[in-house]
Structures are given as structure tokens and as C-alpha cells.
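# Inside the fold
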Amino acid sequence: MMSITDPNMSDRFTSAMEEIHNKELKTYTDIIDTTTELAQSHRQFVKSALDTCLKKCKDDDILFETIQTFKKDLEWKKVALKEKRQAISEVISEIQEKDMQKEDIIQKIEKLKEEQTKRKELIESQYKANKDRLKNLQKARLVFQDHLGLEVRTILGKTQLVKGEKLQFVFRNINPSDPDSAYVITMGINESGSYQIVSSDPVLECLPALEKRLQETNNLPAFLANVRKEFISQTRR
């Protein structure tokens, strides 16, 4: 067993303590180096994470601005679309209104055509009736002129009520005491194509009844014969 006073013992102890100190110092150094590396790595990670976050924030800002731009563009397009729809609706309404006006005009044209056709048929009918009446007048003229001394004159009506050509039938040989005395009846054809008595000289009270009978029968010779009888009867009163 060694004594504590042994000089070699003190050296060995000192050497052992230095070895332990060096090991601990190396351990501390390793810990400090590791900590430093970890700190640097952490700083780099934090910096990288911060850069990533900043880039992400910037990208998010750009995305937000893009979204806002899209929203504004969408709103503008909605307004434009609404205006276009309104314009299209107005155009359609205008077209429909014009179609209705066109249909109304077509109906009016068709109605005018029908009225013109009816008017033409009426004019043709009146012309035929007037032509037939003129033939009857010619026949009556010949009969009465040759056998009863009847004179037929054509006159022009000038009043508002009596316009156009009229016929005057002048009867003679009515009054035995004055054979040349004239008894006159004036007549024509009205707008409806019927005979119309204008006047008589002298006045015959029964003339309206004779006119009505003439319009019903269109028998002019019979009418003139009855007028002559009434003139004769009037001279004998």
C-alpha cells in the first residue's frame, strides 16, 4: 500500500485531475460547438421559414388582388350583361310592337280592299241599274212623246240637294181649254240608285205616294201615266 506522502502519488493524482479536466473541457467544447451549430441551423431555418412566410404573404396579397380584380370584372360583366339583356328586351318589345303594327296595317289594307271591292260591286250594280233605267226612260220618252205629246228635257241641278243631270218631263194636251199649257215634273237618280222626284209644276199632293210606288216597282212608264192622270184630274176640279 502506497503512502499519501509518496511523491509519485501526487503526480499521478495531478495527472488524473488534468486528464479529467481535459475530458470535461473537451465535452464542454463539443457541447458549445454543437449548440453553435444548432443555433446557426435554427437561425437558417427561421430565416428560411420567414422568407417562405414573406413570400407566401406576398403571393397571398397578389392572389387577393387578383381575386378582387376578378370580382370587379365579374361585377362589371354582370352590369354589362344586365344592360345587354335590357337592350335585347327593348329590341324584342319594339319588334313585337312593329309586328303588331304591321298586322294592324295588313288588316286595315285587307279591310280597305274589301270595302273597295264592295264599292266597286255597288258602283257596277248602280251603273247597271242606271243603264236599265235609262233604257226605260228612252222607251217611255218614245211612247209618251209620240202618243201623248210628252217632251223630255235634260237639265243640270245646281243646288246642294239636287246635283248632276236631271230630266224634265213636260206634259201637254192636259187642259182641253189650253192644249199647249205645260205641266212639268222634274226627277233624277239619287246616290242609292233610286228614282228621286225633285219637283212638279203645278204641285201634286199625291206625288210622294207616286214616288214611293216608282221606287218600289221601277216602272217609269206607269209612273208617268199616273202623273198625267193626276194632272188631268187636277184641271177638272
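Let me begin by describing the structure that accompanies this report. (Residues numbered from 1 in each chain as written. Predicted model: local features only at pLDDT ≥ 70, side-chain atom pairs only at ≥ 80, totals over all residues. Heavy atoms only, no water.)

The secondary structure content of the protein amounts to three helices and four strands. Seen in sequence order, the protein has helices and strands lined up from the N terminus as α-β-β-β-β-α-α. Each of the 237 residues in the protein was classed as buried or not, and the buried ones make up 16%. For the protein, contacts bridging at least 24 residues in sequence account for 37% of all contacts bridging at least 6. As displayed, the protein has an accessible area near 19100 Å², and 57% of this comes from carbon and sulfur atoms. (Helix = DSSP H or I, 4+ residues; strand = E, 2+ residues; numbered from the N terminus. Buried < 20%, exposed > 50% of the residue type's maximum accessible area, 1.4 Å probe, protein only. Contact = heavy atoms within 4.5 Å. Areas by Shrake-Rupley, 256 points an atom, 1.4 Å probe, with all protein chains shown as cover.)

Regular strands place their side chains on alternate faces of the sheet. Counting buried positions along strand β3 (residues 183-189) gives six out of seven residues, so the element sits mostly inside the fold. Pairing analysis gives six bridges linking β3 to strand β4 (residues 195-201), with the strands arranged antiparallel. In the strand pairing of β4, I185 is matched with S200. Connecting the antiparallel pair β3 and β4 is a turn made up of five residues, with G193 showing a positive phi of about 90 degrees. (Pairing = 2+ DSSP bridges.)

Here we take up the nonpolar core. Membership of the largest hydrophobic core comes to 20 residues, with the highest contact counts inside it found for F169, F171, I185, M187, L220, F223 and V227. Elements with a contribution of two residues or more to this core: β2 (163-171), β3, β4, α2 (207-217) and α3 (220-235). Among the elements that take part in this core, α3 stands out by supplying five residues, more than any other. (Core = buried A, V, L, I, M, F, W, Y, C linked by side-chain atoms within 4.5 Å.)

Right, let's get into the side chain of Q168. Inspection of the secondary structure puts Q168 in strand β2. Aside from chain neighbours lying at most four places away, what touches Q168 is E151, V152, R153, I155, V184, I185 and T186.

In this section: a nonpolar patch on the surface. Residues F13, M17 and I20 make up a contiguous nonpolar surface patch of about 310 Å² in total accessible area. Residue position: I20 is located in helix α1 (residues 7-148). Residue class for I20 comes out partly exposed when judged on its relative accessible area of 43%. (Patch = residues over 30% accessible without salt bridge, like charges linked within 9 Å, V, L, I, M, F, W, Y side chains within 5 Å. Salt bridge = Lys/Arg side-chain N within 4 Å of Asp/Glu carboxyl O.)

In this structure the tally under the stated criterion is 10 salt bridges. K23 is paired through a salt bridge with E19; the nearest N and O atoms lie 3.7 Å apart. Linking K23 with E19, this pair stays in helix α1, spanning four residues, or about one helical turn. Of the residues examined, K23 reaches a relative accessible area of 51% and is grouped as exposed.

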